[in-house]
Amino acid sequence: MIRKATLSDIEPILIMTKACAKAMRAKGIYQWNEHYPKASAFENDIKRDELYVLELESQIVGCIVISTFMDEEYIPIKWLTPNKNNIYIHRLAIHPKHQGFGYAQQLMNFAEQLAIENSYSSIRLDTFSQNKRNQKFYELRSYKRLGDIYFPKQSEFPFHCYELVL
């Protein structure tokens, strides 16, 4: 079941994202760290009504942010559509114990369907340049890689920006 997150979901979400960060570090992917993601980011997502969770048997196993807000880091990217009617995906995560079962696909299907039903022009996102699995995941969904941005508190390596025109 996919539903909107509430403030009471913050703690299980943080436990899940910390497990994700640990699993990524074990694979040499230093995408998430002590600076990101923090509780304050998820709290802000909930206030903006943009955070969704995936539950299995009443346990949160995944999350996704579906936002209409364009971060300033995205401004230099030469997007395929105008900057006025877009959805941005952030903080897509599936607990490591539940990865490989299609749950990330379910969350992205949900986000894409929501975007289509609300007549958005495109879906935009970024993924870490050192996370080849994520890049393949989005490219197999027909997202086009457009350019790179940097989040110095997260990594010296770039994040690749992608867009899917709807």
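Scroll up for the structure.
All of these numbers come straight from a predicted model, not from anything done at the bench.

J.: What is the right way to look at the overall build of the protein in this model?
T.: The number of helices and strands found in the protein is 4 helices and 7 strands. In the protein, the succession of α and β elements from N to C terminus is β-α-α-β-β-β-α-β-α-β-β. The C-alpha atoms of the protein give a radius of gyration of 15 Å, which matches the 15 Å a tight globule of 166 residues would have. Principal-axis analysis of the C-alpha atoms gives the protein an extent of 40 × 35 × 30 Å. Total accessible area on the protein stands at roughly 9000 Å², and carbon and sulfur atoms take up 51% of it.

J.: I tried to follow the environment of Ala 104 on my own but got confused; where do I start?
T.: Tracing the sequence through the fold places Ala 104 in helix α3 (residues 103-117). Put simply, Ala 104 and Gly 147 are 43 residues apart on the chain and 23 Å apart in space, counted from C-alpha to C-alpha.

J.: Is there a simple way to explain the pattern of salt bridges in this structure?
T.: Under the counting rule described, the total for this entry stands at 7 salt bridges. The salt bridge involving Arg 3 is made with Glu 55; its shortest N-O contact spans 2.9 Å. Taken together, the residues Arg 3 in strand β1 (residues 2-4) and Glu 55 in strand β2 (residues 51-56) connect sequence positions 52 residues apart. By relative accessible area, Glu 55 is classed as buried at 15%.

J.: Explain the nonpolar core to me, please; I cannot follow it from the model alone.
T.: General note: in soluble globular proteins, nonpolar side chains tend to be found buried as a group. Ranked by internal contacts, the top residues of the largest apolar core, which has 27 residues, are Ile 13, Phe 42, Leu 51, Cys 63 and Ile 149. The set of elements that each furnish at least two residues to this core consists of α1 (10-26), α2 (39-47), β2, β3 (59-67), β4 (86-94) and β7 (159-165). Among the elements that make up this core, the one with the highest residue count is α1 (7 residues). The contact partners of Leu 51, leaving out residues within four places of it in the chain, are Arg 3, Lys 4, Ala 5, Ile 13, Phe 42, Asp 45, Ile 46, Cys 63, Ile 64 and Val 65. One finds Ile 94, Ala 115, Ile 123 and Tyr 138 within the second-largest nonpolar core, a separate group that totals 22 residues.

J.: Looking at this model, I keep getting lost on the packing of aromatic side chains. Mind explaining?
T.: The description of an aromatic ring pair uses the distance of the two centres, along with the angle that the planes make with each other. This structure, assessed with the given rule, holds 11 aromatic pairs. Ring plane angle 45° and centroid distance 5.0 Å describe the contact between Phe 128 and Phe 159, whose orientation is recorded as tilted. Here Phe 128, found in strand β5 (residues 122-128), pairs with Phe 159, found in strand β7; they are 31 residues apart in sequence, far enough to count as distant. The exposure class assigned to Phe 128 is buried, which follows from its relative accessible area of 1%. The ring of Phe 42 has Arg 91 lying over it, and the distance from NZ or CZ to the ring centre is 5.9 Å.

J.: Quick question: what am I supposed to make of helix α4 (residues 132-140) here?
T.: Turning to α4, its buried residues are Gln 135, Phe 137 and Tyr 138. Down the axis of α4, the smallest arc covering the buried residues is 160°, so these residues share one side. Those residues of α4 that are exposed and aimed more than 90 degrees away from the buried face are Lys 132, Arg 133, Lys 136 and Leu 140. Taken together, the buried residues of α4 touch β4, α3, β5 and β7. Within two residues after α4, Ser 142 carries a phi angle of roughly 75°, on the positive side.

So, how was this worked out
Residues numbered from 1 in each chain as written. Predicted model: local features only at pLDDT ≥ 70, side-chain atom pairs only at ≥ 80, totals over all residues. Heavy atoms only, no water. Helix = DSSP H or I, 4+ residues; strand = E, 2+ residues; numbered from the N terminus. Rg over C-alpha atoms; globule rule 2.2 N^0.38 Å. Areas by Shrake-Rupley, 256 points an atom, 1.4 Å probe, with all protein chains shown as cover. Salt bridge = Lys/Arg side-chain N within 4 Å of Asp/Glu carboxyl O. Buried < 20%, exposed > 50% of the residue type's maximum accessible area, 1.4 Å probe, protein only. Core = buried A, V, L, I, M, F, W, Y, C linked by side-chain atoms within 4.5 Å. Contact = heavy atoms within 4.5 Å. Phe/Tyr/Trp six-rings, centres within 6.5 Å; stacked < 30°, edge-to-face > 60°. Lys NZ or Arg CZ within 6 Å of the ring centre and 35° of its normal. Arc of directions from axis to C-beta.

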